[in-house]
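Per-entry structural report
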Amino acid sequence: MCQPRRAGAALRRIFSGTGTDRAEAATEDMPKPSGVAFDTSVAHPARIYDYWLGGKDNFAADRLAAQEVLAVMPAIAQVARSVRMFLAAVVHYLAADAGIRQFLDIGTGLPTVNNTHEVAQRAAPESRVVYVDNDPVVLQHARALLTSSPRGRCAYADADARDPDRILAEAAGTLDLTEPVAVMMLGLLHFIPDIDAPYALTRYYLDALPSGSYLAISHASSDIRPEPQEEAAKSYNARSATPITLRSEAEVTRFFGGLELVPPGITALGQWAPGTAISGPANLPTYTALARKPPIA
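Just so it is clear, the model here is predicted, and its values are computed rather than measured.

Take helix 8 (residues 164-171) next. Turning to helix 8, its buried residues are P164, I167, L168 and A171. The arc that holds the buried residues of helix 8, viewed along the axis, is 95°, so those residues lie on one side. Those residues of helix 8 that are buried lie in contact with strand 1 (102-106), strand 2 (128-133) and helix 9 (198-207).

Now the structure itself:
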């Protein structure tokens, strides 16, 4: 697996504020991931998620971790399915209504139904998608199964989300980064702890892209059904190689600083649709939102 390069100095350059934001980027010595070995004895988020979706591309350690979380929070399988529905709704809106033709899907996970390029290319066959993940099982399946329409393109980057310079450089081989890009971070940012400056990271990606680009997020919550969610997170973290960090609605809102939220804004999973909230389960412990980078004033 790749060894992510340090992005500390680059991340610090985006700060002009004070307080928490500045503290996040105060040092070049922030811990950085050292790569992910292909060890089937350790559970991995992408394969745990695959199990919750009913997939078969997982190992015993993944199934054990997934089952332990299910025992504490049976709704987690519905959460996994609903995140895929949110992806489909967001990508269709972006391609069909917002005119987006380029997608950077970071932390893509194992291929399943309605992958990003499938939804986008149904609406706009010329759409281009770059998938990013650092699990070798994901990458093997992605390269075999995620094939583009003849008019569009798909590419794959083997990289950690915390290595934005590498990802953006590889994405530039397929995407035109001078034109708007939709950055998809679904089920990703709760795997990036505060010490790795997740807010700086999202800003870094959006700062590298032009006005009219978008950011889509789904993020596990700390304040929707907090007690079972906390128990589920503890169970998950005891088994997974990548711990989860729950965040509140206010903390999730910070990811969209300086961006224009697409109505209905930040909603609980299952309640987002472009332009309005929909009637769906109100207690799924995940937040979802889509936002646009505005023109420079």
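We are not done yet, so read on.
What follows concerns the nonpolar core. Among the nonpolar cores identified, the biggest contains 42 residues, and V90, L94, F103, M184 and L290 are the most heavily contacted of them. Put simply, the parts of the chain that give this core at least two residues each are helix 4 (60-72), helix 5 (76-97), helix 6 (116-123), strand 2, strand 3 (153-158), strand 4 (182-186), strand 5 (214-220) and helix 10 (226-239). In terms of residues, this core owes the most to one element, helix 5, which gives 11 residues.

As a further point, take the packing of helix 8 against helix 9. Where helix 8 contacts helix 9, the axes come no closer than 11 Å and their chain directions differ by 25°. When the axes of helix 8 and helix 9 are compared, the pair comes out roughly parallel. When you trace helix 8 past helix 9, the crossing you get is right-handed. Each of P164, D165, I167 and L168 in helix 8 lies in contact with helix 9, whose residues at this interface are L201, Y204 and Y205. Split into classes, the residues belonging to the contact of helix 8 with helix 9 amount to six nonpolar, no polar and one charged.

The next thing to look at is the packing of aromatic side chains. All chains considered together, the criterion is met by three aromatic pairs. If you follow R254 out to its NZ or CZ, it ends over the ring of Y199, 3.8 Å from the centre.

Now for the pattern of salt bridges. Two side chains with opposite charge may pair up if their charged atoms get near one another. Throughout the structure, instances matching the rule amount to seven salt bridges. The residue E126 makes a salt bridge to R151 at a minimum N-O spacing of 3.6 Å. With a gap of 25 residues between them, E126 in the loop between helix 6 and strand 2 and R151 in the loop between helix 7 (136-145) and strand 3 connect regions that are remote in the sequence. The partly exposed category is assigned to E126, whose relative accessible area is 29%. A residue is classified by how much of its surface remains accessible, and R151, at 58% relative accessible area, is exposed. Linking E170 and R166 is a salt bridge whose minimum nitrogen-to-oxygen distance equals 3.2 Å.

What counts and what doesn't
Residues numbered from 1 in each chain as written. Predicted model: local features only at pLDDT ≥ 70, side-chain atom pairs only at ≥ 80, totals over all residues. Heavy atoms only, no water. Buried < 20%, exposed > 50% of the residue type's maximum accessible area, 1.4 Å probe, protein only. Helix = DSSP H or I, 4+ residues; strand = E, 2+ residues; numbered from the N terminus. Arc of directions from axis to C-beta. Contact = heavy atoms within 4.5 Å. Core = buried A, V, L, I, M, F, W, Y, C linked by side-chain atoms within 4.5 Å. Axes fitted to C-alpha atoms, helices over the stretch in contact; angles between N-to-C directions. Parallel < 35°, antiparallel > 145°, perpendicular 65-115°, else oblique. Left-handed = near helix turned anticlockwise from the far one by under 90°. Nonpolar A, V, L, I, M, F, W, Y, C, P; charged D, E, K, R; others polar. Phe/Tyr/Trp six-rings, centres within 6.5 Å; stacked < 30°, edge-to-face > 60°. Lys NZ or Arg CZ within 6 Å of the ring centre and 35° of its normal. Salt bridge = Lys/Arg side-chain N within 4 Å of Asp/Glu carboxyl O.

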